[in-house]
Amino acid sequence: MSTRRAGSNRIRGPHSALTDFLAAHNISAAQIRADYNRRRGQEGENRENRGNDQNGENGNGQENGVATPGDADAVDAQPTQAAANGNASGLLENLNLDEEESEQEDEAPQPSASRKRKRTGEKAKQKEKGKEKESKKKPKKGNAKKKKGQDDGDDDDDDDYEDDFLDMYKKAPPPPGQLEYCEICGKRFTVTPYSKTGPQGGLVCTPCGKQLAKDAKAENNKNKPKKAAANRRSRRKMESDRLDGRSTFGAKSLLQLCIEKVVQHHNDIEEFGDLPPKVLERLSEIFSKNRVLNSRTIKLFLRPDLDTVALHDCAYIETEDYDQIFAISQNVKKLVLRNACQFKDENVEYMIGKATKLEYLQLYASNLVSNTMWIKLFQERGKQFSAVKLQWLDAAFDDDAVEAMVANCPKLERVKLKYCRKVGRRSIDALAKLPKLQHLSLLMSQEVSAESVVGLISRVGHNLRTLSLEKFIDADDTVLAAIHQHCRHLRKLRFTGNECCTEAAYASLFTDWANVPLHFVDLSSTRDVDNSNPDGPQDEPVGLGAASFDALVRHSGPELRHLQVTSCRHVPLAAFMDAFDGKKCYPQLKEVNISFCTQADTTVVAGIFRSCPRLERVIAFGCFNVADVIVPRGVSLIGVPRAQEAIEQLGTAVWEAGTGMDGAKGSAKLLERLF
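Okay, so let's go over this structure. (Residues numbered from 1 in each chain as written. Predicted model: local features only at pLDDT ≥ 70, side-chain atom pairs only at ≥ 80, totals over all residues. Heavy atoms only, no water.)

## Observations regarding the overall build of the chain
Here's step 1: What the chain contains, in helices and strands, is 23 helices and 15 strands.
Here's step 2: Within the chain, the fraction of its 675 residues that count as buried is 36%.
Here's step 3: Split by element, the accessible area of the chain, about 40,900 Å² in all, is 50% carbon and sulfur. (Helix = DSSP H or I, 4+ residues; strand = E, 2+ residues; numbered from the N terminus. Buried < 20%, exposed > 50% of the residue type's maximum accessible area, 1.4 Å probe, protein only. Areas by Shrake-Rupley, 256 points an atom, 1.4 Å probe, with all protein chains shown as cover.)

## A few points about the environment of R494
Here's step 1: Structurally, R494 is set in strand β10 (residues 492–496).
Here's step 2: Sequence separation between R494 and F520 is 26 residues, and the spatial gap between their C-alpha atoms is 7.9 Å.
Here's step 3: Beyond its immediate chain neighbours, meaning those up to four positions away, R494 contacts L467, S468, L469, E470, F520 and D522. (Contact = heavy atoms within 4.5 Å.)

## Description of the packing of helix α10 (residues 254–264) against helix α11 (residues 277–289)
Here's step 1: Where α10 meets α11, the closest approach of the two axes is 10 Å, and the angle between their N-to-C directions is 50°. In terms of axis orientation, α10 runs oblique to α11. The element α10 and its partner α11 pack so that their crossing is right-handed. Side by side, α10 and α11 meet where L255, I259, V262 and V263 of the first sit next to V279, R282, L283, I286 and F287 of the second.
Here's step 2: Across the contact of α10 with α11, the residue classes break down as eight nonpolar, no polar and one charged. (Axes fitted to C-alpha atoms, helices over the stretch in contact; angles between N-to-C directions. Parallel < 35°, antiparallel > 145°, perpendicular 65-115°, else oblique. Left-handed = near helix turned anticlockwise from the far one by under 90°. Nonpolar A, V, L, I, M, F, W, Y, C, P; charged D, E, K, R; others polar.)

## Some details on the packing of aromatic side chains
The description of an aromatic ring pair rests on the distance of the ring centres and on the angle between the ring planes.
Here's step 1: Considering all chains together, one arrives at 13 aromatic pairs under this definition.
Here's step 2: Seen in terms of ring centroids, F272 and F287 are 6.3 Å apart; in terms of plane orientation they differ by 90°. Their pairing is edge-to-face. Note that F272 is positioned in the loop between α10 and α11 and F287 in helix α11, a separation of 15 residues in sequence. The burial state of F272 is the same as that of F287; both residues are buried.
Here's step 3: Ring centres of F510 and W513 lie 6.1 Å apart, and the angle between their planes is 75°; this geometry places the pair in the edge-to-face category. (Phe/Tyr/Trp six-rings, centres within 6.5 Å; stacked < 30°, edge-to-face > 60°.)

## Structural notes on the packing of helix α19 (residues 503–510) against helix α20 (residues 546–556)
Here's step 1: The N-to-C vectors of α19 and α20 enclose an angle of 15°; their axes lie 8 Å apart at closest approach. Viewed along their axes, α19 and α20 adopt a mutual orientation that is roughly parallel. You can see that α19 and α20 cross each other, and the crossing is left-handed. Every residue of α20 that contacts α19 at E503, Y506, A507 and F510 is listed here: A546, A547, S548, A551, L552 and H555.
Here's step 2: For the contact of α19 with α20, the class distribution of residues is seven nonpolar, two polar and one charged.

## Considerations on the pattern of salt bridges
Here's step 1: Scanning the entire structure with this criterion turns up 14 salt bridges.
Here's step 2: As a salt-bridge pair, D522 and R494 come within 3.0 Å of each other at their nearest N and O atoms. Here the residue D522 occupies a position in strand β11 (residues 520–522), and R494 occupies one in strand β10, the gap between them amounting to 28 residues. You'll find D522 and R494 in the same group, each marked buried.
Here's step 3: Salt bridges linked by common partners bring D400, E403 and R426 together as one network. (Salt bridge = Lys/Arg side-chain N within 4 Å of Asp/Glu carboxyl O.)

## Topic: the nonpolar core
Here's step 1: In this structure, W374, L431 and F549 are the most contacted members of the largest nonpolar core, which totals 130 residues.
Here's step 2: Discounting chain neighbours no more than four positions away, the residues touching W374 are L363, S366, V369, L390, L393, A396, F397 and A401. (Core = buried A, V, L, I, M, F, W, Y, C linked by side-chain atoms within 4.5 Å.)

## Focus: the pairing of strand β4 (residues 334–337)
Here's step 1: In this structure, strand β3 (residues 308–311) lies alongside β4, joined through four bridges in parallel fashion. Across the sheet, L311 pairs through a bridge with L337, a residue of β4.
Here's step 2: Here β4 runs beside strand β5 (residues 360–364); their pairing, made up of four bridges, is parallel. Bridge pairing in β5 links L335 to L361.
Here's step 3: In this fold, the crossover linking β4 to β5 by way of helix α13 (residues 345–354) has right-handed handedness. (Pairing = 2+ DSSP bridges. Right-handed = clockwise from strand over helix to strand, strands pointing away.)

## Focus: unusual backbone geometry
Here's step 1: With a phi close to 60°, W392 is a non-glycine residue in the positive phi region.
Here's step 2: W392 sits in the partly exposed class, given a relative accessible area of 43%.
Here's step 3: Look at Y419: it is not a glycine, yet its phi comes out positive at around 55°.
Here's step 4: Here Y419 shows up in strand β7 (residues 414–420).

## Section: the environment of E591
Here's step 1: Locating E591 in the fold gives a position in strand β13 (residues 591–593).
Here's step 2: Among the residues examined, E591 registers a relative accessible area of 17% and is labelled buried.
Here's step 3: The sequence separation of E591 and E616 amounts to 25 residues, and the corresponding C-alpha distance is 6.0 Å.
Here's step 4: Residue contacts for E591: discarding those within four places in its chain leaves R561, H562, L563, L615, R617 and I619.

## A short note on the state of the cysteines
Here's step 1: Overall, the coordinates contain zero disulfides when judged by the stated rule.
Here's step 2: There is no disulfide at C185, and the cysteine sulfur nearest it, in C182, is 3.5 Å away. (Disulfide = S-S within 2.5 Å.)

## Thoughts on the pairing of β10
As a general feature of sheets, a regular strand has side chains that alternate between the two faces.
Here's step 1: For β10, a buried count of four out of five residues is recorded, marking the element as mostly surrounded by other parts of the structure.
Here's step 2: By the bridge criterion, five bridges tie strand β9 (residues 466–470) to β10 in an arrangement that is parallel. Directly across from S468, in β10, lies its bridge partner R494.
Here's step 3: For the crossover that starts at β9, traverses helix α18 (residues 477–486) and ends in the parallel β10, the hand is right-handed.
Here's step 4: Where β10 lies against β11, three bridges are found, and the strand directions are parallel. For K492, the partnering residue across the bridge sits in β11 and is F520.
Here's step 5: Traced from β10 through α19 to β11, the parallel crossover comes out right-handed.

## Describing helix α12 (residues 319–328)
Here's step 1: Taken residue by residue, α12 has T319, D321, Y322, I325 and F326 as its buried positions. Projected down its long axis, α12 shows its buried positions confined to an angular sector of 165°, all on one face.
Here's step 2: Residues of α12 that are buried in the fold lie against β3, β4 and α13. (Arc of directions from axis to C-beta.)

Honestly, it's all geometry; don't read function into it.
Here is the structure:
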């Protein structure tokens, strides 16, 4: 019991890190101690043997009578030995200490030497592999001659060892999140994992790092052969130009190149100088498209001698900038501000006091102007207004404002009201009182009865040149009859988004109409909307059909410039082929939009190319029956997936007007001749 209890009560202290390390690597302290004692005993025996041999040699030299160097050493060593015999204990202690120090000095460098030999061997192998690779490659100019003293690899190994040794004492880079001073510019910045190292080994800030990377890239690309500049533009840019109506072939004009260069370096331009108004408006359009029209660049379009200020995207213009427009250009007569979301009452008040010659006002999305200020504007400056175009007004501008406009603006010739939510039937009745109205464009958010529209047309229709009625869903055949009866000078007609007017009403509108031929016709989305019956009612067809389309072409075909029949799905293939058969000619037609007319096919598109000698653009989205077609030079075909590769084709087919076949019967022969 006592033995077990004594063994169990044995006290064991905590283990040090060195003890754990030795135990993990199977290193025994007892074995180290035994090896140490064994080496000490062996060295003592070797020392005694060397002393005996030395004494034997000295004795032999004295017997022979020859003086040796050992004799002098023995004579000099006798006093030392005598002193040592007198103080043997101190000498032994010193000897033991010297032996321990010498053993420690001998043992300490062993791990370093082994690592050095291992590293030297690995580097020698890598060096041999590198030499084999370099022998296969052509030697560089700088390595053609070797320096002296590089035959042996010991010097290189020593240098590498010294570099590794010095790397241990280098300052560690600061961790991410710490503050550091840039090595190049000296600015203080926050260290990130992506911070780059400077030429002297320090960290650099982000701008300096980008500049270093740029310089390094330029240095690497200096010796590379330059690629030939591509002459073709990107596909995205070409499609954007086509959608904007700019399809260029060959070299660009000098004016277009200058405009593009100005937009590219807009931040470096101080003023445009005395550019004509058309060029300024073109620059304003491109600035608006690229979204670079802001508080700084707006000054480029303001001059005291200008009478027109057209800014087509004012999204980045602040409230104070609008006052600057009227302070600089006080003689402005035409003002166009689109997306004027920061245009407020104080700007209107300033405009009333400064812009005393304003005649043409076009504002889009100026919802921060109150209804009271609109009325005040018409009361103060309405007598000289000839055109008012307002769009996307939600919070203000109601029927009271429209009545004030009609009462105070007797010279109004152009009125455009679209997406004005508070404008209703009262406004329609008020607009009928304008005696000089010539251009009327309406898109109502509220429901308006057909009787109100008929009353408006009957009173102002005899003087109208432009009539645009969009999404009047309640308009019926009586509206088309009123247009046929009262309108005599229309050049532009837009009647879209209707599903009530019948095909017979459209046919009677264009049959024996006393109006002059139309230049612009837009009858988009005039069809019956019934998913269960896509073809519409058979007894009384709704929307634009075969007879009405033929009547339209017969009435306005010779002078028609723009034809848009988007989503008129009740127009059959035969009607398109009869109108564009290659025999009939439309000398003024420049743009045709037949998108989502599913009956149109390749023959129709080819016939349009043949019948319109001045054609510039054809839009045919959703016409999946149109296959690969030859596009003439100078014409853009947009929206046909199968003709994308042929859009830029210059083409060799030059068609003469007045040649072709009769209707659908000659479709096969027409395709054969075209392709």
